[in-house]
Amino acid sequence: MSKITILGIESSCDDTSVSVVIDGEVKSNLISSQWIHKKFGGVVPEAASRLHVETIVPLCDQALKEAGITKSSLSAIAVTRGPGLIGSLLVGISFAKALSICLKIPLIEVNHLQAHVLSLFIDEKPLLPLICLTVSGGHTQILLISENFKIEVLGQTLDDAAGEAIDKTGKLLGLPYPAGPEMDKLAKNGQAKFKFPMAKVNDYNFSFSGLKTSVLYFLRDQLNSNPQFIKENLNDLCSSIQDNIVKSLITKLELAAIDKNAVSIGIAGGVSANSQLRKELSILCIKHGWNCSIPKLSYCTDNAAMIATAGYYKFLQFEFSEDSFLPLARYPIS
Ligand code: KG4
Ligand code: ZN
């Protein structure tokens, strides 16, 4: 049987990524991050779209080269349809449509959130039922993946996403955007000695907007008496904020996994790169005897390997898309 070769394209936010997956195996996964947004303290949608336009063609050429193939070997093109920034999504989708028409091969639209879940299945096959915590800059969801591969949303954030809370509180501390990696690094040398309230939200839901406000007022009060407060306590502040967020994620994850009799627990999305979250999840899984599924760092943040992998599974089911589909800023997972 001939090989199934999928080209995956991801451009939902500020990372352009292209990947080649052959028979389910990742052969290349190139990610070009847009550093321009750092100086604005957040993603500027128009700038993001323009940079995707500049990057996507050379990145695609490079991804094919690294995989050791040419365009003529491709079986289908998989592309992120949403959720994301419309302008950014449009670049990847237009490119994918054009390529699929020229090469006369199928087009496969992919839900970015489903693809984050599939990132857990790239290098291993976690046993089901699986509870997956998807935590990124835009989303915080607890999902149940049952034996028939049905995905059910058990809970989600009622306001800010965990990554958004990290980025916004990090901004208050003067950290560069996105604050996650820097906060993670600084927290390693600090103590979680400042206590911020943890939102009491029902079921498996989360709320992080209160944390942002309490950090804002706490810093304002401390800076009034000591203008050097942030500088002198930066590591401890990072450790305290990160600890608050990780503890609330782990608490809900444990609750859901017990209630749903999960055998595996996984984390996906940009915040799953966080070292404290990875460590605490491993400890939790050892405590309960759960299988622990933590993707490698290049599959945590936005990447096209997860899009191409989702495309591969859809290809096996003959789930192809019309080339008239439009991007979706909101695209619920189920
Ligand atoms: O999945 P992702 O790349 O893009 C979205 O779909 O949002 O996630 C980006 C988020 C940002 O909020 C960033 O600060 C966070 O992931 N992040 C981290 C770490 N690396 C990235 N948060 C905590 N610790 C990290 N090491
Ligand atoms: Zn993402």
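Here the structure is a predicted model, which means the values were calculated and not measured.

Parameters and conventions
- Residues numbered from 1 in each chain as written.
- Chains lettered and ligands numbered in written order.
- Predicted model: local features only at pLDDT ≥ 70, side-chain atom pairs only at ≥ 80, totals over all residues.
- Heavy atoms only, no water.
- Pairing = 2+ DSSP bridges.
- Helix = DSSP H or I, 4+ residues; strand = E, 2+ residues; numbered from the N terminus.
- Axes fitted to C-alpha atoms, helices over the stretch in contact; angles between N-to-C directions.
- Contact = heavy atoms within 4.5 Å.
- Core = buried A, V, L, I, M, F, W, Y, C linked by side-chain atoms within 4.5 Å.
- Buried < 20%, exposed > 50% of the residue type's maximum accessible area, 1.4 Å probe, protein only.
- Polar contact = N/O pair within 3.5 Å; in protein donor to acceptor, adjacent residues only side chain to side chain.
- Expected span 1.5 Å × (residues − 1).
- Arc of directions from axis to C-beta.
- Donors = N, O, S within 2.8 Å, 3.2 Å for Na, K, Ca; no water.
- Tetrahedral: all angles 85-135°; square planar, octahedral: opposite > 155°, others 65-115°.
- 1 Å grid on protein atoms, 1.4 Å probe; cavity = no way out; pocket = protein on both sides within 12 Å on 5 of 7 lines; lining within 4 Å.
- Points joined across faces, edges and corners; volume = space filled by probe spheres on them.
- Nonpolar A, V, L, I, M, F, W, Y, C, P; charged D, E, K, R; others polar.
- Domains from an automatic or database assignment.
- Patch = residues over 30% accessible without salt bridge, like charges linked within 9 Å, V, L, I, M, F, W, Y side chains within 5 Å.
- Areas by Shrake-Rupley, 256 points an atom, 1.4 Å probe, with all protein chains shown as cover.
- Salt bridge = Lys/Arg side-chain N within 4 Å of Asp/Glu carboxyl O.

Draft legend 1. View of the sheet that holds strand S3 (residues 25-33). Spatial strand order, S3-S2-S1-S4-S5: five strands in an open sheet with mixed pairing. Strand pairing shows two members of the sheet lacking a second neighbour, S3 and strand S5 (107-111), which therefore form its edges. When the angles between neighbouring strand axes are averaged without regard to direction, this sheet yields 20 degrees. Taken together, the five bridges between strand S4 (residues 76-82) and S5 define a ladder with parallel strand orientation. What sits directly across from isoleucine 77, in S5, is leucine 107. The strands that helix H1 (residues 45-67) touches are strand S1 (5-10), strand S2 (15-22) and S3; relative to S2, the one it contacts most, it runs at about 25 degrees. Lying over the sheet, helix H9 (residues 304-316) contacts S1, S2, S3, S4 and S5, oriented at roughly 135 degrees with respect to S1.

Draft legend 2. Broad picture of the nonpolar core. In this structure, Ile131, Ile142, Ile245, Leu249 and Ile265 are the most contacted members of the largest nonpolar core, which totals 44 residues. Looking at this core, the elements with two or more residues in it are strand S6 (130-135), strand S7 (140-145), helix H4 (162-172), helix H5 (180-187), helix H6 (209-225), helix H7 (229-259), strand S9 (264-268) and helix H8 (275-288). Tallying contributions element by element places H7 first for this core, with twelve residues. Residues in contact with isoleucine 131, not counting those within four places in the same chain, are Ile142, Leu143, Leu144, Leu154, Leu253, Ala256, Ala257, Lys260, Ala262, Ser264, Ile265 and Gly266.

Draft legend 3. Looking closely at unusual backbone geometry. Omega for the bond connecting glycine 82 with proline 83 falls within 30 degrees of zero, at -5 degrees, which places this linkage in the cis form. Note on placement: proline 83 falls in the loop between S4 and helix H2 (86-103). Residue proline 129 is bonded to the preceding leucine 128 through a cis peptide linkage, with omega at 0 degrees. Considering the arrangement of structural elements, one finds proline 129 in the loop between helix H3 (112-118) and S6. With phi around 50 degrees, asparagine 261 is a residue other than glycine that occupies positive phi space. Here asparagine 261 lies in the loop between H7 and S9.

Draft legend 4. Looking closely at the environment of histidine 288. Along the chain, histidine 288 turns up in helix H8. Relative accessible area serves as the criterion here: at 30%, histidine 288 is assigned to the partly exposed category. Taking C-alpha positions, histidine 288 is 8.9 Å from isoleucine 258, a pair spaced 30 residues apart along the chain.

Draft legend 5. Structural detail: the side chain of asparagine 303. Tracing the sequence through the fold places asparagine 303 in the loop between strand S10 (291-293) and H9. There is a polar contact of 3.1 Å between the side chain of asparagine 303 and the backbone nitrogen of alanine 305. One polar contact links the side chain of asparagine 303 to the main-chain amide nitrogen of methionine 306, over a distance of 2.8 Å. Ignoring any residue separated from it by four or fewer positions in sequence, one finds asparagine 303 in contact with Glu10, Ser17, Asn29, Ile31 and Ser298.

Draft legend 6. A look at H6. The first and last C-alpha atoms of H6 sit 25 Å apart over 17 residues, in line with the 24 Å expected at 1.5 Å per residue. By the burial criterion, the buried members of H6 are Leu211, Ser214, Val215 and Leu219. Angular distribution of buried residues about the axis of H6 spans 135 degrees; they occupy a single face of the element. Of the surrounding secondary structure, the elements contacted by the buried residues of H6 are H4 and H7.

Draft legend 7. Layout of the coordination of the zinc ion (ligand 2). Looking at the metal site, the zinc ion (ligand 2) is ligated by His112 (NE2), His116 (NE2) and Asp302 (OD), spaced 2.1 to 2.2 Å from it. What the four donor atoms of the zinc ion (ligand 2) show is an angle range of 91 to 153 degrees at the metal, which sorts the shape as irregular. Each donor residue of the zinc ion (ligand 2) belongs to the same chain, with the gaps between them written as H-x3-H-x185-D. One end of the pair, histidine 112, is in helix H3; the other, aspartate 302, is in the loop between S10 and H9, with 190 residues separating them in the sequence. For the residue pair histidine 112 and aspartate 302, the accessibility class agrees, reading buried in each case.

Draft legend 8. Molecular detail of the layout of surface pockets. If you add up the space inside the largest pocket, you get close to 1300 Å³. Forming the boundary of the largest pocket are 44 residues, of which Asp14, Gly137, Asp167, Tyr177 and Pro178 lie nearest the centre. Sorting elements by how many residues they give to the lining of the largest pocket places H4 first, with six residues. Here the residues of the lining of the largest pocket are counted per class, giving 16 nonpolar, 18 polar and ten charged. No fewer than three residues from each of domain 1 (5-117 + 299-316) and domain 2 (126-294) sit in the lining of the largest pocket.

Draft legend 9. Quick peek at a nonpolar patch on the surface. There is a patch of nonpolar side chains on the surface, built from Leu172, Leu216 and Tyr217 and spanning about 250 Å² of accessible area. Mapped onto the elements, leucine 216 comes out in helix H6.

Bear in mind that shape data such as this cannot, by itself, settle questions of function.
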